[in-house]
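An overview of the molecular structure
Spelled out, the chains give:
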There are 6 protein chains.
Amino acid sequence: MFLPLLFTISLLFSSSAHASLLDFCVADPSLPDGPSGYSCKNPAQVTVDDFVYHALSIPTNTSNLLKFGVTAAFAPQFPGVNGLGISIARADLGVGGVVPLHTHPGASELIYLAEGTIVGGFISGSANTVYYKTLHKGDVMVFPQGVMHFQFNTGETPATVIASFGSANPGVQVTAFALFGNNLPSSFVEKITFLDEAEVRKLKGVFGGTG
Amino acid sequence: MFLPLLFTISLLFSSSAHASLLDFCVADPSLPDGPSGYSCKNPAQVTVDDFVYHALSIPTNTSNLLKFGVTAAFAPQFPGVNGLGISIARADLGVGGVVPLHTHPGASELIYLAEGTIVGGFISGSANTVYYKTLHKGDVMVFPQGVMHFQFNTGETPATVIASFGSANPGVQVTAFALFGNNLPSSFVEKITFLDEAEVRKLKGVFGGTG
Amino acid sequence: MFLPLLFTISLLFSSSAHASLLDFCVADPSLPDGPSGYSCKNPAQVTVDDFVYHALSIPTNTSNLLKFGVTAAFAPQFPGVNGLGISIARADLGVGGVVPLHTHPGASELIYLAEGTIVGGFISGSANTVYYKTLHKGDVMVFPQGVMHFQFNTGETPATVIASFGSANPGVQVTAFALFGNNLPSSFVEKITFLDEAEVRKLKGVFGGTG
Amino acid sequence: MFLPLLFTISLLFSSSAHASLLDFCVADPSLPDGPSGYSCKNPAQVTVDDFVYHALSIPTNTSNLLKFGVTAAFAPQFPGVNGLGISIARADLGVGGVVPLHTHPGASELIYLAEGTIVGGFISGSANTVYYKTLHKGDVMVFPQGVMHFQFNTGETPATVIASFGSANPGVQVTAFALFGNNLPSSFVEKITFLDEAEVRKLKGVFGGTG
Amino acid sequence: MFLPLLFTISLLFSSSAHASLLDFCVADPSLPDGPSGYSCKNPAQVTVDDFVYHALSIPTNTSNLLKFGVTAAFAPQFPGVNGLGISIARADLGVGGVVPLHTHPGASELIYLAEGTIVGGFISGSANTVYYKTLHKGDVMVFPQGVMHFQFNTGETPATVIASFGSANPGVQVTAFALFGNNLPSSFVEKITFLDEAEVRKLKGVFGGTG
Amino acid sequence: MFLPLLFTISLLFSSSAHASLLDFCVADPSLPDGPSGYSCKNPAQVTVDDFVYHALSIPTNTSNLLKFGVTAAFAPQFPGVNGLGISIARADLGVGGVVPLHTHPGASELIYLAEGTIVGGFISGSANTVYYKTLHKGDVMVFPQGVMHFQFNTGETPATVIASFGSANPGVQVTAFALFGNNLPSSFVEKITFLDEAEVRKLKGVFGGTG
């Protein structure tokens, strides 16, 4: 019968806890993390629920000045993607809503417009060229790694964007928050951005920055 | 004024055709391709339309035995993703429709269930363990690189899946097509899969295989 | 003399335990593992035996229905390859023996036929094209990452295959075991592979699957 | 003698033009480029001058409003680094000079302060935390990939910065130029950055932007 | 029937020449090469013979002073491995034969001793520690990327080594040839190696070096 | 106000200790290290001083036979570069000083000559070709990964070299130390390098080797 063979195979490729490396490495945030991601959860304790994420089914709250909400399924939120080089997020834009200018330092991004009509765009770094276009339901647009991009709702109904990323932890740097939402001294901001003092002070106030 | 500076910067980082490497490398299929993807289109001829893809907005035809249709936006179809390590596809499943068992040799996959109710699952290689779950609208599931996975519609309405990948060219290997849809001799198929001769011959007939 | 220089060099590049990163990272399975492999063993405790593996010198037992045996030297078995992106295995095929259809989700493979005469082949995913050939002693064949491949002994003597991989943990997914050797429900298997119920039930029985 | 051996070795590892891959791949901008860089120059025509770059020895012109000049030795300027994953640049800052806020989408950066006294800093994306410090001659600072960073001269003499990068083509995106130096419509800029209309119009004028 | 489905699938994933990226990228040395390898051969012209290599079945000539011969199956010789990150070679050592000290700048190496008895060893860079051991038929040893390693036959019969590499083009730098087999001036060699003039001149003579 | 939005954003992308992956992964040598580097320091304890390194501002001691001193800022010394793929070092060469022949197994190198006049050179592996040139203050030269390279002061004043690397831990293997500064038996050294016994014994004595 096959039993001797099966026994051989199972010995070689068995997955007793931490005895072998598997196809996946579900994040265990209680262990140290490193440059390539989180340490792996004991595979004996991995279940299908580590590979499924429900929160993207829930519309985010857009009752704010930007009329924008976001739910991320990156490795810290969705342990199953750890080490696999991909992740996903949902963004909702109310009528007139805006995804402010931002970058993902560690990943390129693909957006799929699930609902609504938006303008999506990015600014190419080297050439300082802008690429933007009105997108309709079902359209896809790609934003290269690390460059500034944005979206805003130009339709008369809410919009929903599904964004996928080429990293389990793409990071995010929102330009306005980076400039005005921390303790970078106002005099520095003026010097390195050419904005005038009044503008910087006003936006520091809006975004809760100090200095 | 800034002009001298701007002149300096523009000289250094300018994007005259093929004079510099940019943030992106839009595929030019008329040039040679290599292990890392297609050669880059002359950036002077790149437009926003290289970064936008419309075909995912169109439901695919599910009038076939599988009640399944798919539209891919990989590098060959969507030149803007070339070199960026991501791509996307849309799959439609009619009522009772099936995405047959398959692998992507070159990428992990994240599915977002845009409409309907399906079962999604994968078979982990090393441990030979199965992970599957019923997914509802808005749920996300991840399939690790290279392992067999599948989906089928268990709801009473059509389902639409948006699948994103951690490669601009994830590849695909459908198990049944690989076994029965080519000229791999039937005697080989039987020997390496343990299927019996009648079954192999029947499915060779269904999938158009020879030998 | 050189002593001052040697002292300087040794301070800079010394390898006191965990004080510096070395050329190698021998696996320590008692520490957490991550997406890039196992944690590194304290280099002070590394010996040449971490870099040498003897078990491939021993013919494997082929007294089973497949007339096939395998010994792997992947990172879990051979800690010296951890982090180095390579590994190796030995397969023996008795007369008529078969290496069943399988994939390695994480690595390309090169086989060197040390003894005997076999057919080696793979099925290219995208094009669904089959490449196979009779190999004689000393021949080499390459199987691209993630695609289905197989070997079987067509000679009148046992065959021995030395297989090397482009990963310290290539993983393995044997098609028949994935389909019939676990608790994937029979009805799922039929739906996603097009095999008929009788065949699935029979092979579930052979491979010990349930459901 | 060694001649038979030398003949064997030279046949195997010889470098006739395009007959073998070498340790290096000097850029040939007349051939197509791809995601991993430029095509390789015929090795028979490679000379030591492909691996040496002189222009960093020349102080750059800082007679501009920013009192800032830069000379880059990226793959387009310095073909020897093509494919090697590193590059270098020189920046000069007159008294009061500023390297405006910018990112490198494709590389982390290390600066070595060859002359002068500057403040160097970066804004971490995820945590929106600012790290900055006064640097003196000989100090080194690292800026992680893709995050906003800046420098300005706080000393009473000119400063010279040698910046090295973990990519042969790190790219650059200067925040102010991205916002104000192209045809991104003013109304878009306001919406995605929260800057007011007067400020945007003023800086569009300064940086030559339109729209 | 399946025909509509098959038609859809075949359109999406078809492999008309240069219309899609495949699982493999067989080297076409007549096209430009780049940092990631050779350009891909038109897949319509790829045959199984691109994936099979025969020359390792032939013992190499060891009738030289080193009693050493080698046959490499790297990407320039074996186009099927291009882009797959693996390659293989065969080395023969007559009685008393020596594989001289060398490095592979671009790959780690695994040796499988197919015949004979040898000493295999490497010198770890950072720690300047030597790891060596007598190997018998069937033993495996790993040499980390870029470090000096060697083998010599200590048995009473010829030895055959099968060496696999984690790169399609690992490169090779034989220490003695690098020092004495080119036009590096003798005075340089003495200065940077501490060897005395007589020794350098003698070995320049042996290895055909000039200067 | 923005507060609801800010609250949302801060929840998603917040950096509570070990709760999320950041732009950086400052080395914590008290935790396990792995193939991709050290584990990450708790981000709450990271300060700007983790990203700044002062020791390169201090001339190294060149009062030794080689008239050569070096200070490295690799991951073990400079925790901020961990995981970022770059590092840096300073080398000083007195008049007549020499950087002996060596390799970096894990990185390509770029040198910037901050002071003095030197000859810099490398020996290409595959082609066994030497590339060297006299460099003057401000010149840059690149050495491909893993190949032997060297520098020596040919001027009448001390020279200072700033070397940057495409790895946070490039490693180093000094040829003479590897041959003569450890316990590799003299008979082995002779056999694998072709040096004669007297020379090996003499240099073993100089470099403190045994055996």
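Residues numbered from 1 in each chain as written. Chains lettered and ligands numbered in written order. Predicted model: local features only at pLDDT ≥ 70, side-chain atom pairs only at ≥ 80, totals over all residues. Heavy atoms only, no water.

Topic: helix H3 (residues 186–193) of chain B
Residue and element names in this part refer to chain B. Quick reminder of the rule: Any residue under 20% of the maximum accessible area for its type is buried, any over 50% is exposed, and the rest in between are partly exposed; the area is computed with a 1.4 Å probe on protein chains only. The secondary structure listing takes helices from DSSP runs of H or I that are at least 4 residues long and strands from runs of E that are at least 2 residues long, numbered from the N terminus. Note that the arc is computed from the directions linking the helix axis to the C-beta atoms.
Here H3 has its buried residues at Ser-186, Phe-188, Val-189, Ile-192 and Thr-193. Down the axis of H3, the buried side of the element spans an arc of 155°, and every buried residue falls inside it. Within two residues after H3, Phe-194 carries a phi angle of roughly 75°, on the positive side.

What about the domain arrangement of chain A?
Convention followed: In this document the domain limits rely on a domain assignment from an automatic tool or a database.
Looking at chain A, the domain boundaries give domain 1 (54–169) and domain 2 (177–207). Computed from C-alpha coordinates alone, the two centres of domain 1 of chain A and domain 2 of chain A are separated by 25 Å.

Remarks on the packing of helix H3 (residues 186–193) of chain F against helix H4 (residues 197–207) of chain F
All names here are of chain F. The test is simple: To obtain an axis, a line is fitted to C-alpha atoms, over the contacting stretch when the element is a helix, and the angle between two such axes runs from 0 to 180 degrees between their N-to-C directions. Here the angle decides the label: under 35 degrees means roughly parallel, over 145 means roughly antiparallel, 65 to 115 means roughly perpendicular, and every other value means oblique. Left-handed is the label given to a crossing in which the near helix is rotated counterclockwise from the far helix by less than a right angle, and right-handed is the label when the rotation is clockwise. Contacts: residue pairs with any heavy atoms within 4.5 Å of one another. Polar here means any residue outside two lists: the nonpolar Ala, Val, Leu, Ile, Met, Phe, Trp, Tyr, Cys and Pro, and the charged Asp, Glu, Lys and Arg; Gly therefore counts as polar.
Packing of H3 against H4 leaves a shortest axis separation of 10 Å and a crossing angle of 125°. With respect to their mutual orientation, H3 and H4 come out oblique. Read as a crossing pair, H3 and H4 show a hand that is right-handed. From H3, Ser-186, Val-189 and Glu-190 reach across to H4, where they touch Glu-197, Val-200 and Lys-204. Residue composition of the contact of H3 with H4, by class: two nonpolar, one polar and three charged.

A few points about the sheet that holds strand E6 (residues 98–103) of chain D
The condition that has to hold: Only when DSSP finds a minimum of two bridges between them are two strands counted as paired.
Read across the open sheet, the five strands follow the order E9-E8-E11-E6-E13 (chain D); overall the sheet is antiparallel. The two strands at the open ends of the sheet, each matched to only one other strand, are strand E9 (130–135) and strand E13 (173–174) of chain D. Here strand E8 (residues 118–123) of chain D pairs with E9 of chain D via six bridges, running antiparallel. By the bridge assignment for E9 of chain D, Ile-123 of chain D is matched with Val-130 of chain D. Docked against the sheet, helix H3 (residues 186–193) of chain A engages E6, E8, E9 and strand E11 (149–153) of chain D, running at close to 85° with respect to E6 of chain D.

Describing the pairing of E8 of chain D
Residues and elements named next belong to chain D. Burial analysis of E8 places six of its six residues in the buried class, the great majority of the element. Residues Ile-118, Gly-120 and Phe-122 point to one face of E8 and Val-119, Gly-121 and Ile-123 to the other, with burial holding for every one of them. In this antiparallel pair of consecutive strands, E8 and E9, the connection spans six residues, and Asn-128 shows a positive phi of 50°. Where E8 meets E11, five bridges bridge the pair, whose relative direction is antiparallel. What sits directly across from Phe-122, in E11, is His-149.

A few points about the relation of the copies chain B and chain A
The following threshold applies: Only residues with pLDDT of at least 70 in both copies count here: their C-alpha atoms drive the least-squares fit that superposes the copies.
Each copy of the sequence occupies a distinct position, and chain B is placed on chain A by a rotation of 180° and an axial shift of 0.0 Å, giving an RMSD of 0.0 Å. Look at the turn and shift together and you get a two-fold axis relating the two. Considering only C-alpha atoms, the residue of chain B closest to the rotation axis is Gly-166 of chain B, which sits at 2.7 Å. Counting the interface residues of chain B, we find that 100% of their copies in chain A are interface residues as well, pointing to one common contact surface.

Some remarks on the arrangement of the chains
Structurally, chain A and chain E remain out of contact, their C-alpha atoms never closer than 18 Å. Kept free of each other, chain B and chain F leave a smallest C-alpha distance of 18 Å between them.

Comments concerning the packing of aromatic side chains
Operational definition: Aromatic rings from Phe, Tyr and Trp, taking only the six-membered ring of Trp, are treated as a pair when their centres fall within 6.5 Å; an angle between ring planes under 30 degrees marks them as stacked, one over 60 as edge-to-face, and anything in between as tilted. Comment: the charge-over-ring label is applied if NZ (Lys) or CZ (Arg) is within 6 Å of the ring centre and within 35 degrees of the ring normal.
If you walk through the whole model with that rule in mind, you get 90 aromatic pairs over all chains. With centroids separated by 4.9 Å and ring planes inclined at 70°, the aromatic side chains of Tyr-132 of chain B and Phe-188 of chain C adopt a geometry described as edge-to-face. You can see Tyr-132 of chain B sitting in strand E9 (residues 130–135) and its partner Phe-188 of chain C sitting in helix H3 (residues 186–193), one on each of two chains. Judged by relative accessible area, Tyr-132 of chain B falls into the partly exposed class, the value being 31%. Three or more aromatic residues link up through ring pairs in this structure, and these residues are Phe-24 and Phe-51 of chain A together with Phe-122, Tyr-131 and Phe-143 of chain B. Positioned above the aromatic ring of Phe-152 of chain A is the side chain of Lys-191 of chain D, whose terminal nitrogen or guanidinium carbon lies 5.0 Å from the ring centre.

Comments concerning the environment of Ala-168 of chain D
Residue and element names in this part refer to chain D. With respect to the element layout, Ala-168 can be found in the loop between strand E12 (159–165) and E13. The class of Ala-168 is buried, set by a relative accessible area of 10%. Once the C-alpha coordinates of Ala-168 and Pro-79 are considered, the two residues, 89 residues apart in sequence, prove to be 9.1 Å apart. In contact with Ala-168, other than residues within four places in its own chain, are Phe-74, Ala-75, Val-81, Asn-82, Gly-83, Gly-85, Ile-86 and Ser-87.

Considering the pattern of salt bridges
Inclusion rule: Should a side-chain nitrogen of Lys or Arg be within 4 Å of a carboxyl oxygen of Asp or Glu, the pair is scored as a salt bridge.
One pass over the structure, following the stated rule, counts 36 salt bridges over all chains. For the salt bridge of Arg-90 of chain A with Asp-92 of chain A, the shortest nitrogen-to-oxygen distance reads 2.9 Å. Each of the two residues, Arg-90 of chain A as well as Asp-92 of chain A, counts as buried. Between Asp-49 of chain D and Lys-133 of chain F there is a salt bridge; the shortest N-O distance is 2.2 Å. Residue Asp-49 of chain D is found in the loop between strand E2 (37–38) and strand E3 (52–53), and its partner Lys-133 of chain F is found in strand E9 (residues 130–135); the two belong to separate chains.

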